[in-house]
Structure formats: C-alpha cells, structure tokens
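Survey of secondary and tertiary structure
Residue strings, one per chain:
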Amino acid sequence: MSEQAKNNQKMVIKLLVIVVGMFGFGFALVPLYDVFCDLTGINGKTANSAAVYTPIEIDESRTISVEFITRTNTGMPWEFRAETTRVKVHPGELSTVNFYVRNPANKQIVAQAIPSVSPGVAALYLNKTECFCFNQQPLLAGEEASMPMQFYVDPQLPDDISFFTVQYTLFDVTGKGDKLAVKENPYLREQPESGI
Amino acid sequence: MAHSSDTIAPEHTGAHEHDDHHDHHIPSGIKRWLYTTNHKDIGTLYLWFAFIMFLIGGAMAMVIRLELFQPGLQIVDPNFFNQMTTVHGLIMVFGAVMPAFTGLANWLVPMMIGAPDMALPRMNNWSFWILPGAFLILLASLFMEGGGPSFGWTFYAPLSTTYSGDSTALFVFSVHIMGASSIMGAINVIVTIFNMRAPGMTWMKMPLFVWTWLITAFLLIAVMPVLAGAVTMVLTDKFFGTSFFNAAGGGDPVMFQHIFWFFGHPEVYIMILPAFGIISQIVPTFSRKKLFGYASMVYATASIALLSFVVWAHHMFTTGMPVAAEMFFMFATMLISVPTGVKVFNWVATMWRGSMTFEVPMLFAVAFIVLFTIGGLSGLMLAITPVDFQYHDTYFVVAHFHYVLVTGAIFSIMAAVYYWLPKWTGKMFDITLAKWHFWCSLISVNVLFFPMHFVGLAGMPRRIPDYALQFADFNKWISLGGFAFGLSQLIFLALLIKACRKQGEPVSSQVWEGAEGLEWEIPSPAPYHTFETPPVIK
C-alpha cells in the first residue's frame, strides 16, 4: 500500500469513529434529555415514584392554588375527571385529591396517566406521596374507580408561583404494559348489585 | 460527438455506443457510468441526478400551487396534498440541493487543489449509486395503499409515529440510504482535502469553495448520523413498540423536535455554506479583483458552522420552553447574522470599484447576494422570540426558507453551473437562452415568494390545502409566479441538453477573463485525467 493510501485509510477510520459516535450521541440525547428535564423541571414532568412525606413545618403564610385538569388521549374511551378541580394548600401541607374513572367500553382497558405541570418549574416542588399515575390502571368493561393522588408542595417553591396546574392525560396502553402489577384495580368502586 | 468521454450527459453514451473512443481506458455505454470511479464522471452523474430530482420535486410544487390557486378544495384531496408538501421538501433537500453540491465538489475540489482524483474513488462510485435507489423507494411509496409520507419533511412525532401509514418504513429506509450516501461523500471530501492537496497548496491558499465544502463536510458527518438515529427511533416507535416519543410509555414527543432540529439546523447551513463558496469564486472573477477579506471569509464560515449547533431550538419557540432558554436561542440565532453579515459585506466590497461585467454566472451571483440577504433578514425577524409566536408555521416561514434555499442555494448552483459549464464541455453555452433563463427565473421567483411574506404576516398557515378567502388574490399571484418559475427551468433544461451535445463556440482554457485558480489552467474541456503530476503552486 502506498504512503498516500495508508494516510487515507487512517483518516477514514478516524472519520468513521466520529460518524459512529454521533449516531450514538443521537440516542444518548434521549437519557440526556430526561436528566436535563429532571434537573431543571423545564418540561413539567413530575417524579415517577412516590415521595416520602417527612413532617415539615407548614408555611401558613403562603397559600398555593393547585388546579387539576384531565383529558383522555385520542381513541381512549374512558370517562376521566378530577373530583376536586381546585385545592388551596399551604406549602408543606399534605392533601389528597380523587380522580373518577369509568370504562364505558365492552372490554378491559389498561390506562396509564401522564402528568404535566404548568408552569413547568413547579413540577420540581410537587411531591406526590401516592398517585394512580405511578402504575398502569386496568378496568374491566363497565367498571369505575376513584383513584387518589396525595401530594404536598415543597416550601421551597419559588415566591413568584402562587398557582399551578396539574394535567393528567390518560393513554390506552392495553396490551403494551409490562408494569402491570395487579389484575384488578385497587381503587375499584363498589359495583352495583344488579347484573348489568 | 466522438468525444463522448468528455460529454457531461450520461444518457448520451447509451445512444452512441458505436462511436469510436479516443481514450481507450474508458468502458463504453452504461458500464462507463455504472463502474466509473472518475471524479468528473461522478460529478456529472450527481449533477444530472440533482437536476432530475429538482424537476420532479418542482412538479410536486406545481401540484401544491395548482391546489392553492383558488380557495377551496378542487384538484387534489388533502391527504395527497400533504404527501406533495412532504415529498417536495424531502426531494428538494436530499435529492436536489445536497447532491448538486456534492456533484460540484466532485468536479471541482480535485481540480482546485491540484489532485488527480478524489481520495476514495471506489467509495465515491458507491455514494452516488445508492442514491437513485433511495429516491426510487421514496417515490414508490407514493403509489402504495394509503399513500406516501404525509407528515411534512420534518416528520414530527406523533404525526410520523402514530398517525402515519405503513409506508413510513419506506420513508425511513430511504432517509437511511440518503444519509449513508451523504456521509460517504463527506468523508471523501475531507480525506481528499486533507491528504491530496498539491505541494504548496497550503490551507490559506485553498479556494473558498474548497474551504466551505470542507466545513460543510464536517457538519455532514456530525449531524447526518443524528438524523439516522431520529428516523430509527421513529421506525421502532411505529413498528416495534418502543416509546421514544410516546408519552404513555415514558417518552416525550417534544424530544423528537429537539433531536430533529439538532440535525436540522446544521443541515440548513450544509445547504448554504457551499453556496457561499461558489459566490466567493464568481464575484472576484467578474469584478476583476481579489476577493476582499479572504481570511475573514474562512473564519466567518467556520463560526457559522460552530454556531449552527447551538441554535436549534429557535424552530421550537412555541413548544413552551422556559423564558431563559428562549432568550438564549434568540440571541445565539441573532449572533449568526454577524459572520453572515461579514460575508455579504466582503462580496459587496469585492465588487466595489471593481471592473465589473455581468456575464450570466455573475447575474446569478448578484441576484444571490440581494435575494439571499432578503431571506436572511426575514430569518432575523423569525429569530425574535415574541414575534415568532405570530410567524410560526405561517407562510412567512415558507417565504423565508424559500428565499434562502431557492434564490440562495439553487441560484448559487445555477451560477456555478454557468460558471464552470464551459470548462466541463469546452464550449460556451447558449448565452441568449441563459439570459432568458436568468431573467424569467428572477422575475417569477419574486412573484412566487415575495407575496408569501404578506399572506404569512396576515396569518395564512403553511401545509394546509385551503385558506381563508382574504388570501385568494395573493395566492393567485403566487401560483402564477410558481408556474412561470417552473416553466423557466425548462429553458435551463434545453440549454443543458444543447451544452452536453457540445453545441456552441469553443472556449479557451481561461474561459472567463478574470478567472483565477488551478481549474482554469487546464485545457477546456477538462481532460478525463488531470493533475496526474501535481501542478506548481505559485
């Protein structure tokens, strides 16, 4: 091999390393994006697992309004609404809101709720000790449930925020779940006696 | 017609197999083009391929303008309209502009740096010949059940993952192949420029076209793999149950836009930096002066390339980013106008007090400088976050990027073809036809794109097959301009066919009075093999 060809080959190998590296970087953007959003809270995602409530001083000087919005994704037939659409809480105070769901379809459907907080930065200070959104929720045909969400607002919440909105979107994930821990929804409401 | 070794039209050789060849190294007929590893042949193939794609993508634009000629739905159904906007964009970006620049690089880079050929001729052959397959796959998808891709060339999730047809798989594979082709082409350009320069061709003696292409090639190898990653994620989200962009599975559809535009914004500069190089070659020739501020041109190009990596989210101002991020991307974007302004200033300063003449390449170059600057200014308007909320996804954006891509990139490619065509064929092209082509294109392209600013500011959304009645008059004019611009390109086709048939006055090796550079020191037409012994660099 001539000197020239050797040099060319060396250079090609170096450039191919860049190409492969950038292909990997494209995929690395996925976890990087999540980490970046977790740290900065800029896309309004809340934590996926329960926070532990350690009794802290309740800041009674501030009152925060938290509003709940519900929607279902395209093609998801469930009825879904917050039983309380707005609560006023002091930072540090534990509060519970229930969400009503009913499956009007004639088959079992598994749902996954995805939260989104606006303004996004408030997501960092919304601590959920219990949430139906941590797990997938199955309902048989006609079943209904009242699903709780228990939370407290971190007293560190920036002073300029006195109001934020939490939106839950229900997605139909039937047949796609691997996180499904229970066959029956733990929050099921009493079924009417008569067989429908 | 005996010198088919020198013709630049691939279809000619098939028809002239019985001609006797003076150069016995070249196989005849279709095999010559299939097996060729010659940088000039491959450059010719790329340029013809790009031109054919330009006509096909242009025909799709004609369908779009026909539908928008009048308000209401009359010619095509909305799904087909969406396929037209999508495939028009994909073909023009990946099929017309990028291969045309690669073709020019193939023809010119070795001649400009005094190299006998590209560094990796066999790979060069492959990087061209996988392209027709890629576009055949993409075009074939239009005829499938459910139609081709209809989610816009930006293929945002969930449009491409949830609401798209099965032909999305074909779209993904064709983008993979286009990307592979671009990466191979870019590697070839980099290795050629690093390793094959003639002795004495130092970095800061390289012509600007070579410099801009070198920087473009680095952009290509940096971002085309990211595009490949993005389409792969779309593929697995759609067909294999992953959730990169699906919120139900823990993904995020907004992340698609981040990944896409991390590729997409450098891509924009991939389509304009070689144009800057071309204009920097042509303006000095017809001003009969040295290029003003050579070094600043090189540094400006490099800084544009670096900045292009930190401005992507200006395409996403309305996705709900925090104010701090919007501020950052706004100012970073505006910063790009500094090096770009340096370039425009240098071109104007080169012309200043020059002994200017207006041959056809210069006409296109001057039109480029004026019209590209208009496109740049509307880009500066779009960079301002608060006003972008109004302009986002309107025809104002369409006007902006067509000014920088059609009267920018495409005009520069036409300027380049007119500038170097006599060197390639050895004959002067038909100047009358060329002037008709220029003036018809110049007038019609402005009738076509300028009113788009107005309808955009008034709120007409892009990618919609119908519009409010108030936009009817403007759209009529835009469509008429579009048809005229489309027809004007047939003049170009006629001119190119004449040129490839070797009609016209023979030209000297210098061709243009003020031209300087190694490519003008070899005979016209450029022999099949050049600089087998390296030239002496003064």
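Residues numbered from 1 in each chain as written. Chains lettered and ligands numbered in written order. Predicted model: local features only at pLDDT ≥ 70, side-chain atom pairs only at ≥ 80, totals over all residues. Heavy atoms only, no water.

- Going by what an unreviewed UniProt entry lists, chain B is known as Cytochrome c oxidase subunit 1 and is assigned to Alteromonas ponticola.
- Checking UniProt for chain B, the heading Pathway (unreviewed entry) contains the comment "Energy metabolism; oxidative phosphorylation."
- On record in UniProt, under Catalytic activity (unreviewed entry), the comment for chain B is "4 Fe(II)-[cytochrome c] + O2 + 8 H(+)(in) = 4 Fe(III)-[cytochrome c] + 2 H2O + 4 H(+)(out)". (UniProt positions renumbered as here; feature names shortened; annotations may be inferred.)

- If you look chain A up in an unreviewed UniProt entry, it shows as Cytochrome c oxidase assembly protein CtaG from Alteromonas ponticola.
- Under the UniProt heading Function (unreviewed entry), the note attached to chain A is "Exerts its effect at some terminal stage of cytochrome c oxidase synthesis, probably by being involved in the insertion of the copper B into subunit I."

1. Section: the UniProt feature "transmembrane region" (unreviewed entry) in chain A
- Summarizing the sequence annotation, UniProt attributes the feature "transmembrane region" (unreviewed entry) to residues 12–33 of chain A in the numbering used throughout.
- The straight-line gap between the two end C-alpha atoms of residues 12–33 of chain A is 31 Å; of that span, 100% is helix and 0% is strand. (Helix = DSSP H or I, 4+ residues; strand = E, 2+ residues; numbered from the N terminus.)

2. Thoughts on the sheet that holds strand β8 (residues 144–153) of chain A
Residue and element names in this part refer to chain A.
- Reading across the sheet, the four strands line up as β2-β4-β8-β6 and stay open at both edges, with antiparallel pairing between neighbours. Only two strands of the sheet have a single neighbouring strand rather than two, namely β2 (79–82) and β6 (126–131). Ignoring strand direction, the axes of neighbouring strands in this sheet form an average angle of 25 degrees. (Pairing = 2+ DSSP bridges. Axes fitted to C-alpha atoms, helices over the stretch in contact; angles between N-to-C directions.)

3. Quick notes on the interface of chain A and chain B
- Listed as interface residues are 25 residues of chain A and, on the opposing side, 33 residues of chain B.
- A buried area of about 2400 Å², summed over both sides, lies between chain A and chain B, and 77% of it is on carbon and sulfur atoms.
- Our enumeration of links across chain A and chain B arrives at zero salt bridges.
- If you look at where chain A meets chain B, you find four residue pairs in polar contact (both at pLDDT 80 or more).
- Elements that contribute at least two residues to the side of chain A that touches chain B include exactly α1 (3–40) and β5 (109–118) of chain A.
- A total of 17 residues in the side of chain A that touches chain B trace back to one element, the largest contributor, which is α1 of chain A.
- Across the side of chain A that touches chain B, the residue classes tally to 17 nonpolar, seven polar and one charged. (Contact = heavy atoms within 4.5 Å. Buried area = accessible area lost by both parts, 1.4 Å probe. Salt bridge = Lys/Arg side-chain N within 4 Å of Asp/Glu carboxyl O. Polar contact = N/O pair within 3.5 Å; in protein donor to acceptor, adjacent residues only side chain to side chain. Nonpolar A, V, L, I, M, F, W, Y, C, P; charged D, E, K, R; others polar.)

4. What to know about the nonpolar core
- Phe94 and Phe135 of chain B are the most contacted members of the largest nonpolar core, which totals 190 residues.
- Sequence-distant contacts of Phe94 of chain B, that is, excluding residues within four places in its chain, are made with Pro99, Phe135, Trp153, Met178, Met224, Leu227, Phe263 and Glu267 of chain B.
- Of all hydrophobic cores here, the second largest spans 38 residues; its members include Met76, Phe80, Val117 and Phe151 of chain A. (Core = buried A, V, L, I, M, F, W, Y, C linked by side-chain atoms within 4.5 Å. Buried < 20%, exposed > 50% of the residue type's maximum accessible area, 1.4 Å probe, protein only.)

5. Comments concerning the packing of aromatic side chains
- Here the structure, examined in full by the defined rule, presents 64 aromatic pairs over all chains.
- Between Phe68 of chain A and Phe151 of chain A, the ring centres sit 6.0 Å apart and the planes meet at 65 degrees, which makes this aromatic pair edge-to-face. With Phe68 of chain A in strand β1 (residues 64–72) and Phe151 of chain A in strand β8, this residue pair connects regions lying 83 residues apart in the sequence.
- Look at Phe68 of chain A and you get buried, because its relative accessible area is 4%.
- Residue classification places Phe151 of chain A among the buried positions, given a relative accessible area of 0%.
- Note on Phe155 of chain B and Phe171 of chain B: the rings are 5.1 Å apart at their centroids and 65 degrees apart in plane angle, and the pair reads as edge-to-face. Separated by 16 residues along the polypeptide, Phe155 of chain B in the loop between α6 (131–141) and α7 (168–195) and Phe171 of chain B in helix α7 bring together distant segments of the chain. Here the two residues Phe155 of chain B and Phe171 of chain B agree in accessibility, since each one is buried. (Phe/Tyr/Trp six-rings, centres within 6.5 Å; stacked < 30°, edge-to-face > 60°.)

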